[in-house]
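Next come the chains, spelled out residue by residue.
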Amino acid sequence: MTSSTTSRGAAMRALLSLAIGSFGIGMTEFVVMGLLPNIGRDLLPSAYAASPDDAIAQAGWLISLYALGVVVGAPTIAGSVARFPRHRVMIVLAAALAFFTLLTVIAPTFELVAASRFLAGLPHGAYFGIGALVAADVLGPGNRAKGVAFVLTGLTIANVVGVPLGTLLGQQVGWRAAFAVVAGIFALATVCIAFFVPKHPGTPGRRLRDEMRVFRIGQVWFALGIGAVGFGGFFAMYSYIAPMITDVAGQPEWAVSVVLVIVGIGMTIGNIVGGALADKDLRFWLFVGLIALGVASVGLALTAGWIVSLVLFAFLVAFCGSALSPSIQTRLMDVAEDNQSIAAALNHSALNIGNSLGAFLGGLAIAAGLGLVAPAWVGAVLAIGGLAVAFVAYRVEDRSGRHPSHRMPAAEAAQTAITGSIPTQR
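Below: a short report on this structure. In this text the structure is predicted, and so the values were computed from the model without any measurement.

## Observations regarding the environment of Gly274
Looking at the secondary structure, you find Gly274 in helix H14 (residues 254-280). Judged by its relative accessible area of 4%, Gly274 is buried. The spatial distance from the C-alpha of Gly274 to the C-alpha of Gly321 is 9.4 Å, given a sequence separation of 47 residues. In this structure Gly274 touches Ala323, Pro326 and Ser327, once residues within four positions along its chain are discounted.

## Let's talk about the pattern of salt bridges
According to the stated counting rule, one finds four salt bridges in the structure shown. Linking Asp42 and Arg176 is a salt bridge whose minimum nitrogen-to-oxygen distance equals 3.9 Å. Pair noted here: Asp42 is in helix H2 (residues 36-43) and Arg176 is in helix H9 (residues 175-196), with a separation of 134 residues, a long-range link. The partly exposed category is assigned to Asp42, whose relative accessible area is 41%. The partner of Asp398 in a salt bridge is Arg283, with the nearest N and O atoms 3.0 Å apart. With Asp398 in helix H18 (residues 374-400) and Arg283 in helix H15 (residues 282-303), this residue pair connects regions lying 115 residues apart in the sequence.

## Considering the environment of Val161
Among the structural elements, Val161 can be located in helix H8 (residues 144-173). When its relative accessible area of 37% is taken as the criterion, Val161 is described as partly exposed. For the pair Val161 and Val261, spaced 100 residues apart in the sequence, the C-alpha separation amounts to 7.5 Å.

## Examining the packing of aromatic side chains
Here the structure, examined in full by the defined rule, presents nine aromatic pairs. Their ring planes at 80° and their centres at 5.9 Å tell us that Trp175 and Phe179 sit as a pair that is edge-to-face. Here Trp175 and its partner Phe179 are both found in helix H9, four residues apart, which amounts to about one turn of the helix. Feature note: the residues Phe231, Phe234 and Phe235 constitute an aromatic cluster, connected by ring pairs.

## Notes on the environment of Ile226
Looking at where Ile226 falls in the secondary structure, it is placed in helix H11 (residues 218-230). Classification of Ile226 as buried rests on a relative accessible area of 4%. When the C-alpha atoms of Ile226 and Asn347 are compared, they prove to be 9.8 Å apart, with 121 residues separating the residues in sequence. Setting aside residues up to four positions removed in sequence, Ile226 forms contacts with Phe231, Leu286, Leu290, Ile328, Gly386, Val389 and Ala390.

Reading the values: rules and limits
Residues numbered from 1 in each chain as written. Predicted model: local features only at pLDDT ≥ 70, side-chain atom pairs only at ≥ 80, totals over all residues. Heavy atoms only, no water. Helix = DSSP H or I, 4+ residues; strand = E, 2+ residues; numbered from the N terminus. Buried < 20%, exposed > 50% of the residue type's maximum accessible area, 1.4 Å probe, protein only. Contact = heavy atoms within 4.5 Å. Salt bridge = Lys/Arg side-chain N within 4 Å of Asp/Glu carboxyl O. Phe/Tyr/Trp six-rings, centres within 6.5 Å; stacked < 30°, edge-to-face > 60°.

Given below as structure tokens:
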């Protein structure tokens with residue numbers, strides 16, 4: 001079944017199946033942030049008794065290990081499975097996410113939980129990357145970014161619904177209960193993908209060494225740089241929004257959960273809007289999105305002392321940051337030539353590097369005595385840095401005259417074999 005023969009109802013069932021898995025990924029990646037005290041108290045009782053802050057900091061390694069798994073797993077897994085039918089690969093990836101998350105639930109020690117978090121991160125990027133290719137095919141030419149955005153919507157909705165509810169469940173019942181729910185969601189996604197995602201061939205004969213040729217393409221590095229630097233602007237804000245709310249705006253702790261729900265709504269709407277705009281004019285809206293992210297970050301930095309303006313600009317930062325994701329993903333798919341599987345997955349490696357970069361530089365600014373609003377200024381600088389990378393990328397492309405539509409005979413052939421039509425390029 002291809003995009004030319006898929007009914008609208010069948011296409012929506014396929015996209016919803018993929019989005020269930022991305023919802024689970026959103027929960028498993030972010031719910032841990034609200035449960036660090038619970039995890040530290042349970043798995044590191046001696047350290048917690050001596051110093052709760054130190055135990056919580058050590059529990060924070062679970063976040064870093066998951067991100068490391070994403071960075072490592074995205075290119076290696078996606079490149080290794082490029083030759084296999086993509087619908088079957090998606091089943092295996094969803095099942096692996098369920099299994100490794102279940103290991104988190106039952107692992108008795110901190111060390112084993114840490115290992116399970118690294119393993120759970122490995123399929124993350126490949127799931128989104130290969131899922132993006134499947135989704136782009138299901139909706140067909142002219143709607144590729146909308147398909148990518150639909151799959152990512154599961155992750156953004158998780159930030160609105162799944163993470164707050166999972167955090168509450170973990171606090172009331174025990175942190176393992178939250179991950180048990182996530183494992184169940186991945187199991188459901190596995191079943192739905194098996195039943196509803198249509199057959200989708202891979203690229204026969206492709207090997208990891210073939211896919212690794214993607215790193216020889218200069219525009220791929222530029223696209224990854226846009227994601228790692230520009231998207232880091234969002235994470236600089238997101239990582240330190242809680243102390244901004246409580247210490248800068250002077251609000252009670254319960255207000256953090258409310259603001260995070262609003263931030264999640266901004267991410268969800270931004271993702272949907274960003275997908276639609278990227279299908280209209282990817283270059284223009286990529287530039288606009290980065291500029292808007294920088295402006296919103298400055299607005300947050302200047303007005304964080306007032307809760308109303310803090311909420312407004314945090315929403316806008318989330319909206320702009322999330323709106324960039326479909327554009328960056330689609331840009332990578334455009335410039336990767338016949339290395340589609342690994343390039344699509346590499347986007348998530350880049351975004352997780354952005355996660356680490358934004359959080360690290362924001363923390364560095366606070367440690368330097370620049371105040372709790374300093375991460376918002378860092379976010380603005382990173383957004384402008386991403387804009388500079390994008391400008392140089394398109395400048396090089398224009399000067400060379402080698403635009404994606406002119407240099408993708410192999411990718412065009414691969415996409416035509418899947419969709420039965422010539423892919424839309426920008």
